[in-house]
Structures are given as structure tokens and as C-alpha cells.
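Understanding the architecture of this molecule
Single-letter residue listing:
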Amino acid sequence: MKYYVHIPFCHAKCAYCDFYSMPRIELAEAFVNALEGEICGRVGGIGYVETLYLGGGTPSSLPLGLLNRVISFFPIDEKLRELTVETNPEDVTKEYAGFIASLGPSARVSMGVQSLDDRLLSFIGRRHTAAEAVEAYRLLRMAGIPDISLDLIYGLPGQDMDSWKKSLDGVIALRPDHLSAYLMTYEPTTRLGVMLSQGRVEECSEELAVSMYDYLCAAAREAGYVHYEISNFALPGKEAVHNSSYWDGSEYIGLGPGAHSYVRGSRGADRPSLKEYIATSGCGVYETEYEDDDSRFNDLVITALRTARGISRQDLSLSPGSLRQAELMLSDGLLVETAEGRLAIPEHIWLRSDAIMLELIRI
């Protein structure tokens, strides 16, 4: 089974972030106690662990003793394929890097760099500088961590092509095993979302966003990275094992406030309330999501078409109208046929994926 643990703590809330988190690190021990309660109560214990992903929030904000305790809840052996810990650069010390490296050959760090432009980093509320991000990466590599992923955001308010090229080129030069690059989105409840509604910032133009994306694809390809999902690039063989489960229909169990699960064809999530989570020892906060045949089909289309692998005609045939529409889109160049005979969105128009998917889902 694949497991995700949501660590709901951050030193501070970034201006663009709408993930459930808070700067209440004094509640960390109570949270870890409740997490153990959810594992014993709702899940009934942990069996075979294929992947373990600690996300958030910021798992690296936990004291190492508590982080180690969280990991100890999972029986890890040589069959473990991947153990990922999301990390912020300001948390990386020699001690931290050494701890992650000690987790073994499956250890993986996903670090949020976001930009190598100090002006932008400060504006979006990041707590590190470009130089500190590079130094954090160096410490992780020196510790011998075998798999490092770096995150970037493009289309940030006030970001131009020169700034984006500097960030992307700088990150690629570090040669991470994996690169995630996300187009900036403005969620209404975030600080930047409020600023946008008030006219205090402007969205990146569509023309600039496309130019940034095109440069991203070209630079990553030239450097030898495989573009296997809209926002994700990897050196050959370094694709994210755990995250791929979200796109290929694999089952996973989510633990912690706000964490989602997909088990036995059913989706659900823990309510995003740390107070309630602690009060109930992690039990009684899980809610199953209602899904009918239409919503299940739509999930299949949306997740599969996020990837270079695409979707099979057999899956599309669950909705004959969608399959007919897909064949028309194939003729129009909005879809292409892969070497395996599946249908996928071409890389150069992946930014238009939402509109393409809308033509195929059941409404």
C-alpha cells in the first residue's frame, strides 16, 4: 500500500498556499500522538509499505525526534520503493540531511525552491534566499541522499522571462533527479488571491505563461529530463513513484488532517481541523466522498490525461460519446496516439488541458 501523511505545520503561510497548515508547532507532539491513534483506530495498523510520502505543510519543520517517530509508525524494509519527505531550504542542516540519508536507499527529498530570484521569494513569503536554497541542495547531496526533487513556480506576479530563465537554468544546473514546475494559480482564500481581487497584483498574461512553459519544456528536454506529467520532469528512471499513484488509479491511504485516501474504489478525506484531529485521537474525522459512475469516469479522464502515458480507448469506451469526441480531437491534433496506442495531450498544448478534458468528461 502507498501511504501519505499530512504534516499540518509551517513556520509561516506562503502567499500562494491553500494547503491546510498552521504555525502551531507547539502542537506537534499532540498531533503525532493523534496520528498514532488514527493508524491504530481508523486504519487498523500498517501493513506492507510500498511508498511513504510525508507532505504538508512542512514535514521538515518537525523536530527530528518527532519526524523519526512518525516514520517509525511504518514497518519499512527492503521492499520499500520510495520514502519522500517534503522539505524547505531553511530547515536543511548537516544534521537534518544526515538523518534523511540514514533512512536508506529509498530516501527522497522534495524541496520547495520556488524561485532563485530573491525579490520574488520575499514577495511570496518564502523564508529562504536563492543562495540558501542552493546551499541546502548541496548539503543534501553531500549527505548522500540518492533522490532529490526541486519545485519551482512560474507566472508569479512581477516575474518576467529573464527571472524565470535564471531560476530554471539555475535549478537545472544543480542536476536534481526530479523537477516539478507549477504555473501560478490564485486561490481566493490565499494572500495573493485576495491581493488579486483587490487589484494589487496582476496575473501573468497567457502569452507570457505559454512562453515560460515552452522554455521550461525545451530546457528540460535538452538537459535530459522526461516530461511525464503536466508539471513534472524526471531524469530517466527517476519518476516519482508515490505521486504517480494519483494519476494511474493506484490505491493510497492518507493520514492526518486534510489528507485524502483512495481505497477499494472509494475516495475520502480527514476533515481539515487539527483541533478536532487531536481531540479525537485521529478517529472519527474521516469522511467518505460520494462518487457516482460519472464522477468516477471523470476522475479517470482528468488524472490520465495529466500524463504523457495518456488514456486507453478501452477506458474512454466507458462513455461512448467521449470516445467519439476523442477520435475527433485526434484528427484535430488536440490529442495524439502514443506508441502504446493510448491517447494523450501533446506536450506543446498541455497548458490547455483543462479545456481539452472538459470536452471528454461527463457533465
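Before going into details, it helps to say that this report is about the structure given with it.

Reading the values: rules and limits
- Residues numbered from 1 in each chain as written.
- Predicted model: local features only at pLDDT ≥ 70, side-chain atom pairs only at ≥ 80, totals over all residues.
- Heavy atoms only, no water.
- Helix = DSSP H or I, 4+ residues; strand = E, 2+ residues; numbered from the N terminus.
- Rg over C-alpha atoms; globule rule 2.2 N^0.38 Å.
- Buried < 20%, exposed > 50% of the residue type's maximum accessible area, 1.4 Å probe, protein only.
- Contact = heavy atoms within 4.5 Å.
- Areas by Shrake-Rupley, 256 points an atom, 1.4 Å probe, with all protein chains shown as cover.
- Lys, Arg positive; Asp, Glu negative; His and termini not counted.
- Charge placed at Lys NZ, Arg CZ, Asp CG, Glu CD.
- Phe/Tyr/Trp six-rings, centres within 6.5 Å; stacked < 30°, edge-to-face > 60°.
- Lys NZ or Arg CZ within 6 Å of the ring centre and 35° of its normal.
- Polar contact = N/O pair within 3.5 Å; in protein donor to acceptor, adjacent residues only side chain to side chain.
- Patch = residues over 30% accessible without salt bridge, like charges linked within 9 Å, V, L, I, M, F, W, Y side chains within 5 Å.
- Salt bridge = Lys/Arg side-chain N within 4 Å of Asp/Glu carboxyl O.
- Pairing = 2+ DSSP bridges.
- Expected span 1.5 Å × (residues − 1).
- Disulfide = S-S within 2.5 Å.

**Things to note about the overall build of the chain**
When its secondary structure is counted, the chain shows 14 helices and 14 strands. Taken against the 2.2 N^0.38 rule, which gives 21 Å for 363 residues, the C-alpha radius of gyration of the chain at 21 Å falls within 12% of a compact globule. In terms of overall dimensions, the chain has C-alpha extents of about 55 × 45 × 45 Å along its principal axes. Residue burial in the chain is summarised as follows: out of 363 residues, 52% are buried. Long-range contacts, defined here as pairs at least 24 residues apart, represent 68% of the contacts in the chain between residues at least 6 apart. Carbon and sulfur atoms form 52% of the exposed surface of the chain, whose accessible area is close to 16100 Å². Each charge class in the chain can be summarised by its mean position, and for the 33 positive and 51 negative side chains these summaries are 3 Å apart.

**What about the packing of aromatic side chains?**
Under the counting rule described, the total for this entry stands at 8 aromatic pairs. Through pairs of rings, three or more aromatic residues link up here, namely F9, F31 and Y277. The ring of Y215 is capped by K165, whose NZ or CZ atom sits 5.1 Å from the centre of that ring.

**Quick word on the side chain of N88**
Looking at where N88 falls in the secondary structure, it is placed in the loop between β3 (82-87) and α3 (94-101). Of note is the side chain of N88, whose polar atom sits 3.5 Å from the side chain of T58. In this structure, N88 is in contact with T58, S60, M111, G112 and R126, ignoring residues within four places of it in sequence.

**Observations regarding a nonpolar patch on the surface**
Together, L183, V210 and L351 give the surface a local cluster of nonpolar side chains, amounting to about 190 Å² of exposed area. Topologically, V210 is positioned in helix α8 (residues 206-222).

**Observations regarding the pairing of strand β11 (residues 266-270)**
Along β11, 4 of the 5 residues are buried, which leaves the element largely enclosed by surrounding structure. Two strands pair when backbone bridges link them, and strand β10 (residues 260-263) and β11 are joined in this way by 4 bridges, in the antiparallel orientation. In the strand pairing of β11, Y262 is matched with R267. Hairpin remark: β10 followed by β11, antiparallel, with 2 residues in the connecting loop; positive phi at R264, about 50 degrees. Summarising the sheet, β11 and strand β12 (residues 286-288) pair through 3 bridges and their orientation is antiparallel.

**A word on helix α11 (residues 293-304)**
Between its first and last C-alpha, α11 extends 17 Å over 12 residues, near the 16 Å set by a 1.5 Å rise per residue. Those residues of α11 that sit buried are F297, N298, V301, T303 and A304. As for α11, its buried residues are in contact with α9 (241-248), α12 (313-316) and α13 (320-332). Where α11 begins, the capping side chain belongs to D292, and its oxygen is found 3.2 Å from the backbone nitrogen of D294.

**As for the pattern of salt bridges**
If the charged atoms of two oppositely charged side chains come close together, the side chains can form a pair. In total, this model carries 20 salt bridges according to the counting rule given. Linking E36 and R69 is a salt bridge whose minimum nitrogen-to-oxygen distance equals 3.0 Å. Linking E36 in helix α1 (residues 28-43) with R69 in helix α2 (residues 64-72), this pair joins segments that are 33 residues apart in sequence. Classification of E36 as partly exposed rests on a relative accessible area of 34%. The structure contains a network of salt bridges with shared partners spanning E38, R42 and D270.

**A look at the state of the cysteines**
A complete count under the given rule lists 0 disulfides for this structure. No disulfide involves C10; its sulfur sits 6.1 Å from the nearest other cysteine sulfur, which is in C17.

**Concerning the environment of S180**
You can see S180 is positioned in strand β6 (residues 178-183). What makes S180 buried here is its relative accessible area of 4%. Expressed as a C-alpha distance, the spacing of S180 and A136, which sit 44 residues apart in the sequence, is 17 Å. Ignoring any residue separated from it by four or fewer positions in sequence, one finds S180 in contact with S149, L150, D151, L152, S231 and N232. Side chain to side chain, S180 and N232 meet in a polar contact 2.6 Å long.

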